[in-house]
Amino acid sequence: MDQPQAPPAASSAAELLPATSHDSGETAAEADTTLVDDDAPRGAGGPLTSSPVRRRKTLSNPSPMSESTAVMEEKPFRPTLFDLAHTRRSSANWHETVQKQHAHPQGSGHPISWRHLFKPPVVRQWLAGGLLAREGAEREAARFELFFDLAFVGIIHQLAEQASDNPSNWSVYIFVVFFYLSWSVWQDVRSFINTSGTDDVPQRAYVLIVMCILLGLSSNASALEIECPTEGADGAGEAATAEASAGEEAAHFMSFLFRRAMSEVVGEATMLPGGCELQEGWDKAIRGAVAFFLVAKAIRIGMCLFYGWYLPRFRSAHYWRGVSVAAACAFYIPLLTQDRLITFLILPIVAISLELSAPYAVAISTALTRGIADRFRTYRAGVDPEVAAQRKARHFAHSFTPAINIEHAVERLALFIVLVLGEMIINSTFRATDNQSGIHTEYLRCVFSLCIAYAINWLYVDNDLSRTFMHALRWNWFTSITWSHLHFPLAASLIFASAATTKMVGEEDPSDRYRWFFAAGQAITMVTLGFFGLLHKPLDADGAGLIPRPFRVFGRFAAGVLFACLPLAKTLSSTAVLGIHAGTLFFLIVSETIGKIGLVASEEKIEAALTFPVEDDKEDMRVELETLGVHPTEEMEHELLDHERGEDDVGVEEDLGQLKVTRIGREQRLAYAF
């Protein structure tokens, strides 16, 4: 499970780079005058106060990657926390190994070497005991990450098109199962790049390999064809089979499962409950798709084992991650050998449920066992303080856990949603004929679809529904896990709705199944956006704003209910349906935007959100680091991220008007001219 990290401790990278004994002549005061002074008196101006609570700190330590080898050889080298985390030796010269492996000369004046192309494994940010070591500068999504996301959306869209070609409940089931398999692989890549990405040759090769695997998974899954009773050619006839009541369908389904469990079902055409039929070759399609999925997971498990072996400080975390991935994959292995249809109908649901609930179980068990471990350490400290101190230092040195970069994760998911909405826009376009020139109904449907995608993107960007807030990824473990999990139904519903958009735009009176597909996708989207608003912690002043926040959150859930009920109005044309969707979404945008007028941050709430009870004494932690020969690490106080301060709100831009002046050549003037 990804661990949430804290926000940057200061507004610039320089504030996160304190001077060390091997800096090239630059003092801490020259680098930044806002660094915490460890020698300051214990009071308002010092790093710790006399009150029983203090701001939670982030570790700020210089990375040997930013030092040139020549400078390091001129002055005595004292290992940093980065060295401690990435060493593989326990000898007195263990820091020399890290220095040689990670201290790549930076800058355009240094030639590219093999060490730049093939970097050793690293962890970019991590938890160390009760402290957090994080990157000094904000990291944005790389271009190859965006290309991978674009390829993923295009590949997965094939599954949605396959489901929309033969719309039925079983088509939805197949889409959800194989979309989750693909989503799980995509999450593995996203998590790896977030915590250990170096954008070198092996990483780019890994991304390409995973894209090829996802292509094979999607191609095999789309070969799983289902034929269901269809309506008459004129679109106005009755269904070939009458719809059964909910109770009859449930009884039919249970009877079907019992019959399948008692008999062998080979890969021939097989009848499903409700009258749908799996076409011949369904077993081969499932085996092929699952095989590609297991290959991707095997690569991920191998990477966890390799990183755990190469980085002993993170060995436990990587090995446990590998074990959890392998445990989830174990439920899919029977699909490679079994010919029973019941296996495909039951095992994926069990595996998906366990994989989604596992992070919650781990978090709960960790919280329950932490108190027992703390009491045991307290008991040992009272019996033998010296032995307890040694064990505490040894535990600190070997209990590092990779932590996610919040800014990178938030930006990556936001850009991914933009790509998903792009698929909806592509499916809403049309080619006008001779008798469709000018403004006509199909053009209006296309415009309405574009407005729907635009409005959903607006509402997602403003999913906090606050002026100032604490992001769900770092509020607590429940909000962090849930916020990440909710992106799966959000992405699935948007892709599913985009596949149905083609029929909604191209036909004035599409079949009821396409109406239900589109409505279900939009309804799930709005409900998910409503839950997003509940997961963030608002830090606005009470009573501020024209419309209270609970009413703005309720509006999103109400829109979801409305969208889910629209297919019941069968007399509405697709133009009217799309118009109602677009109008409702824009009503939400207007009401939420105007409702936030007057919102202002509450300094008391911000102070309370960024202040935590003392868990570990700072001096004890410093003594542990000194015992291990590690350079003392400066700590900076937390601040809210830019988007948590409302930088993403419409019209809010604090940097406007802050200019820098530089000289340009005479030949460059016209190049810059507007």
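Owing to the predicted nature of the structure, the values given are computational and were not obtained by experimental measurement.

Draft legend 1. Molecular detail of the overall build of the protein. Broken down by element type, the protein carries 24 helices and 12 strands. Considering the protein as a whole, with its 674 residues, one finds that 46% of them fall into the buried category. In the protein, the share of contacts with a sequence separation of at least 24, taken over all contacts with a separation of at least 6, comes to 79%. Summed over all atoms, the accessible surface of the protein reaches about 32900 Å², with 61% contributed by carbon and sulfur.

Draft legend 2. Expanded view of unusual backbone geometry. The backbone of Asp-199 shows a phi angle near 55 degrees, a positive value even though the residue is not glycine. The exposure class of Asp-199 is partly exposed, given its relative accessible area of 33%. Phi is positive for Leu-465, which is not a glycine, with a value near 60 degrees. A residue is classified by how much of its surface remains accessible, and Leu-465, at 1% relative accessible area, is buried.

Draft legend 3. Quick look at the packing of helix 15 (residues 441–461) against helix 19 (residues 512–535). It is the contact of helix 15 with helix 19, at a shortest axis distance of 10 Å, that shows an interaxial angle of 20 degrees. Relative to helix 19, the element helix 15 lies roughly parallel. Once helix 15 is placed against helix 19, the crossing between them reads as left-handed. Residues Ile-452, Ile-456, Leu-459 and Tyr-460 of helix 15 pack against Phe-518, Gln-522, Thr-525, Met-526, Leu-529 and Phe-532 of helix 19. For the contact of helix 15 with helix 19, the residue count by class is 8 nonpolar, 2 polar and no charged.

Draft legend 4. Broad picture of the packing of aromatic side chains. Taken as a whole and judged by the stated rule, the model has 34 aromatic pairs. Seen from their ring centres, Tyr-460 and Phe-532 are 6.0 Å apart, and the 75 degrees between their planes marks the pair as edge-to-face. Of this pair, Tyr-460 sits in helix 15 while Phe-532 sits in helix 19, and the two are 72 residues apart along the sequence. By relative accessible area, which is 4% here, Tyr-460 ends up buried. Residue classification places Phe-532 among the buried residues on the basis of a relative accessible area of 0%. Each ring, one from Phe-496 and one from Phe-517, has its centre 4.6 Å from the other, and the planes form 40 degrees; the classification is tilted. Of the two residues, Phe-496 is situated in helix 18 (residues 487–506) and Phe-517 in helix 19; the sequence distance between them amounts to 21 residues.

Draft legend 5. View of empty space enclosed by the protein. Counting across every chain of the model gives 8 cavities of 30 Å³ or more. Empty space within the second largest cavity amounts to approximately 100 Å³. Along the walls of the second largest cavity sit Leu-159, Gln-162, Ala-163, Asn-166, Ser-171, Ile-174, Phe-175, Ala-221, Ser-222, Leu-224, Glu-225 and Ile-226, which together make up its complete lining. Of all the elements in the fold, those that place two or more residues in the lining of the second largest cavity are helix 6 (143–165), helix 7 (169–196) and helix 8 (201–222). Residues belonging to the lining of the second largest cavity are distributed by class as follows: 7 nonpolar, 4 polar and 1 charged.

Draft legend 6. How the structure looks around the environment of Thr-343. Topologically, Thr-343 is positioned in helix 12 (residues 341–383). Thr-343 sits in the buried class, given a relative accessible area of 11%. Between the C-alpha atoms of Thr-343 and Tyr-332, which are 11 residues apart in sequence, the distance is 9.4 Å. Excluding anything up to four places from it in sequence, Thr-343 contacts Pro-334, Leu-335, Gln-338 and Pro-348.

Draft legend 7. Representation of the nonpolar core within the structure. Membership of the largest hydrophobic core comes to 116 residues, with the highest contact counts inside it found for Trp-126, Phe-178, Tyr-332 and Phe-344. Here this core gets 15 residues from one element, more than from any other, and that element is helix 7. Once residues lying within four places of it in the same chain are set aside, the contact partners of Phe-344 are Tyr-173, Ile-174, Phe-178, Leu-224, Ile-286 and Leu-335.

Draft legend 8. Looking closely at the pattern of salt bridges. Scanning the model with the defined rule gives 11 salt bridges in all. One salt-bridge network, held together by shared partners, links Glu-145, Asp-149 and Arg-412.

Draft legend 9. Inspection of the packing of helix 19 against helix 21 (residues 574–595) at higher detail. Running from N to C, helix 19 and helix 21 cross one another at 5 degrees; their axes reach a closest spacing of 12 Å. The orientation of helix 19 with respect to helix 21, classified from their angle, is roughly parallel. Side by side, helix 19 and helix 21 meet where Arg-515, Phe-518, Gln-522 and Met-526 of the first sit next to Ser-574, Val-577, Leu-578, His-581, Leu-585 and Leu-588 of the second. Class assignment of the residues belonging to the contact of helix 19 with helix 21 gives a composition of 6 nonpolar, 3 polar and 1 charged.

Draft legend 10. Molecular detail of the environment of Leu-127. Within the secondary structure layout, Leu-127 lies in strand 3 (residues 126–128). Along the chain, Leu-127 and Ser-399 lie 272 residues apart, while their C-alpha atoms are 8.3 Å from each other.

Draft legend 11. Expanded view of the side chain of Asp-540. The residue Asp-540 is located in the loop between strand 10 (537–538) and helix 20 (549–565) in this model. Although Asp-540 lies buried, it forms no salt bridge, and the closest oppositely charged side chain, Arg-552, sits 5.7 Å away as judged by the N-O distance. A distance of 2.9 Å separates a polar side-chain atom of Asp-540 from the backbone nitrogen of Arg-467. In terms of polar contacts, Asp-540 uses its side chain to reach the backbone amide nitrogen of Thr-468, at 2.8 Å. What Asp-540 contacts, discounting residues up to four positions off in sequence, is Ser-466, Arg-467, Thr-468, Leu-599, Val-600, Ala-601, Ser-602 and Lys-605.

Draft legend 12. Fine view of a nonpolar patch on the surface. A contiguous nonpolar patch, built from Ile-112, Trp-114, Leu-117, Phe-118 and Val-201 and spanning about 560 Å² of accessible area, is present on the exposed surface. Inspection of the secondary structure assignment puts Trp-114 in helix 5 (residues 114–117). The exposure class of Trp-114 is exposed, given its relative accessible area of 66%.

Draft legend 13. Quick peek at the side chain of Asp-462. Topologically, Asp-462 is positioned in the loop between helix 15 and strand 9 (469–470). With relative accessibility at 9%, the residue Asp-462 sits in the buried group.

Draft legend 14. Seen up close, the environment of Glu-411. With respect to the helices and strands, Glu-411 occurs in helix 14 (residues 406–427). With 271 residues separating them along the chain, Glu-411 and Glu-140 place their C-alpha atoms 7.3 Å apart. Reaching out from Glu-411, the side chain makes a polar contact with the backbone nitrogen of Ala-141 at a distance of 3.3 Å.

Draft legend 15. The arrangement of the confidence of the model for the protein in detail. Of the residues in the protein, 67% reach a pLDDT of 70 or more, and the chain-wide mean stands at 75. Within the model, the stretch residues 5–76 combines pLDDT values under 50 with 172 contacts to residues more than four positions away or in other chains. This stretch, residues 231–246, has a pLDDT under 50; its non-local contacts, to residues over four places away or in other chains, come to 5 contacts.

Draft legend 16. Geometry of the state of the cysteines. Scanning the entire structure with this criterion turns up 0 disulfides. Cys-451 takes part in no disulfide bond, and the closest cysteine sulfur to it belongs to Cys-446, at a distance of 9.6 Å. Overall, Cys-451 belongs to the partly exposed group, its relative accessible area being 23%.

Rules used in this analysis
Residues numbered from 1 in each chain as written. Predicted model: local features only at pLDDT ≥ 70, side-chain atom pairs only at ≥ 80, totals over all residues. Heavy atoms only, no water. Helix = DSSP H or I, 4+ residues; strand = E, 2+ residues; numbered from the N terminus. Buried < 20%, exposed > 50% of the residue type's maximum accessible area, 1.4 Å probe, protein only. Contact = heavy atoms within 4.5 Å. Areas by Shrake-Rupley, 256 points an atom, 1.4 Å probe, with all protein chains shown as cover. Axes fitted to C-alpha atoms, helices over the stretch in contact; angles between N-to-C directions. Parallel < 35°, antiparallel > 145°, perpendicular 65-115°, else oblique. Left-handed = near helix turned anticlockwise from the far one by under 90°. Nonpolar A, V, L, I, M, F, W, Y, C, P; charged D, E, K, R; others polar. Phe/Tyr/Trp six-rings, centres within 6.5 Å; stacked < 30°, edge-to-face > 60°. 1 Å grid on protein atoms, 1.4 Å probe; cavity = no way out; pocket = protein on both sides within 12 Å on 5 of 7 lines; lining within 4 Å. Points joined across faces, edges and corners; volume = space filled by probe spheres on them. Core = buried A, V, L, I, M, F, W, Y, C linked by side-chain atoms within 4.5 Å. Salt bridge = Lys/Arg side-chain N within 4 Å of Asp/Glu carboxyl O. Lys, Arg positive; Asp, Glu negative; His and termini not counted. Polar contact = N/O pair within 3.5 Å; in protein donor to acceptor, adjacent residues only side chain to side chain. Patch = residues over 30% accessible without salt bridge, like charges linked within 9 Å, V, L, I, M, F, W, Y side chains within 5 Å. pLDDT = per-residue confidence, 0-100. Disulfide = S-S within 2.5 Å.

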